[in-house]
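# Overview (structure and organization)
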Amino acid sequence: MRIVLPGALPDSTAAKALVPHLEKVAPTLLHWFARSRAKHVTADPAHTLCTPLEYWQLVQRQYHPQDGLAASAGLGPLIAHDDYSGDGPVWLLELVHLSAVREGAVLIPAQYLNVTDEDSTQLLASAGELCKTAGFDVAPLSATHWRVQLPQGFTPRAASPELVSLTNVNDWWSLDIAGRPWRRLSNELQMLWFDHPVNERRANQGLRPINSVWLFGGAKPGQLQ
């Protein structure tokens, strides 16, 4: 059995004070700790561009970044898994919700949006031609993710949606010249879906609108064991 508890370690200033409490409420867990050896692995999101949990999942698959991409690139083939055929880079679009705040914008990833197959199919049908005209060839992968082929020469270092959702979109939104076509397309999709029937229906159901996509990935399937 392997148990993963992301975010379970308290700050060092509070850890010592919690030990007596663990002795009372979780003696078995404390016994496991006493018999174990800690292994510290550096997983700074500023460099990996993904959460520590996502980085751990990639390490378990013996993933090693190549071609100047960050560790987060491995999430493309990791998420696509057996639903993707081919040996080229796996770039994904995740359906997300963006909300403007005073400091910029916040992102809510697909896993918290209750995206249905029907939602995804209708949004893709409305966006497909727009994406193709901009040089991005999009195809369905799942209800929450689409596969995308990028224009020649465009290989962004993209953070994972899960990491972006923990901070501010502006912290991870690249403003380089190469990404200008993608930023333009992203803005056009937000305008296209503002009053889309899918989002009108979701509003009537008390659900957040799916008003944008987040681009990430870039590694090849063969880079995961």
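Residues numbered from 1 in each chain as written. Predicted model: local features only at pLDDT ≥ 70, side-chain atom pairs only at ≥ 80, totals over all residues. Heavy atoms only, no water.

### Quick look at the pattern of salt bridges
A complete count under the given rule lists four salt bridges for this structure. Notably, a salt bridge pairs arginine 201 with aspartate 119, separated by 2.9 Å at the nearest N-O pair. Here the residue arginine 201 occupies a position in helix H9 (residues 197-204), and aspartate 119 occupies one in helix H6 (residues 117-133), the gap between them amounting to 82 residues. For arginine 201, a relative accessible area of 26% corresponds to the partly exposed category. Under the relative-accessibility criterion, aspartate 119 is labelled buried at 4%. With its nearest N and O atoms 3.2 Å apart, the salt bridge here joins arginine 202 to aspartate 119. Of the two residues, arginine 202 sits in helix H9 while aspartate 119 sits in helix H6, which places them 83 residues apart along the sequence. With respect to class, arginine 202 is no different from aspartate 119; both count as buried. Put simply, Asp119, Arg201 and Arg202 are held in one network by salt bridges that share partners. (Salt bridge = Lys/Arg side-chain N within 4 Å of Asp/Glu carboxyl O. Helix = DSSP H or I, 4+ residues; strand = E, 2+ residues; numbered from the N terminus. Buried < 20%, exposed > 50% of the residue type's maximum accessible area, 1.4 Å probe, protein only.)

### Considerations on unusual backbone geometry
For leucine 49, which is not a glycine, the phi torsion comes out positive at approximately 60°. Mapped onto the secondary structure, leucine 49 falls in the loop between helix H3 (45-48) and helix H4 (52-60). A relative accessible area of 8% means that leucine 49 is categorised as buried. Backbone geometry places glutamine 62, a non-glycine residue, at a positive phi of 55°.

### Notes on the packing of aromatic side chains
How two aromatic rings sit relative to each other is set out by the distance from centre to centre and by the angle between their planes. This model, assessed by the stated rule, comprises four aromatic pairs. A ring pair is formed by tryptophan 146 and tryptophan 193, whose centres lie 6.0 Å apart and whose planes are at 85°; its orientation type is edge-to-face. Of this pair, tryptophan 146 sits in strand E4 (residues 145-149) while tryptophan 193 sits in the loop between helix H8 (180-192) and H9, and the two are 47 residues apart along the sequence. Each member of the pair tryptophan 146 and tryptophan 193 is classed as buried. When the centroid spacing of 5.8 Å and the interplanar angle of 45° are considered together, the rings of tryptophan 173 and tryptophan 214 count as tilted. Residue tryptophan 173 is located in the loop between helix H7 (161-165) and H8, and its partner tryptophan 214 is located in strand E5 (residues 212-217); the two are separated by 41 residues in the primary sequence. The rings of Phe136, Phe154 and Trp182 are connected pair by pair, giving a single aromatic cluster. (Phe/Tyr/Trp six-rings, centres within 6.5 Å; stacked < 30°, edge-to-face > 60°.)

### Section: the pairing of E4
Direction of pairing for strand E1 (residues 91-101) relative to E4: antiparallel, over a ladder of three bridges. Looking at E4, one finds that leucine 93 is bridged to tryptophan 146. Looking at chain direction, strand E3 (residues 137-140) and E4 are connected through four bridges and run antiparallel. Paired with proline 140 across the two strands is tryptophan 146, which belongs to E4. Hairpin geometry of E3 and E4 is characterised by an intervening segment of four residues between the two adjacent antiparallel strands. (Pairing = 2+ DSSP bridges.)

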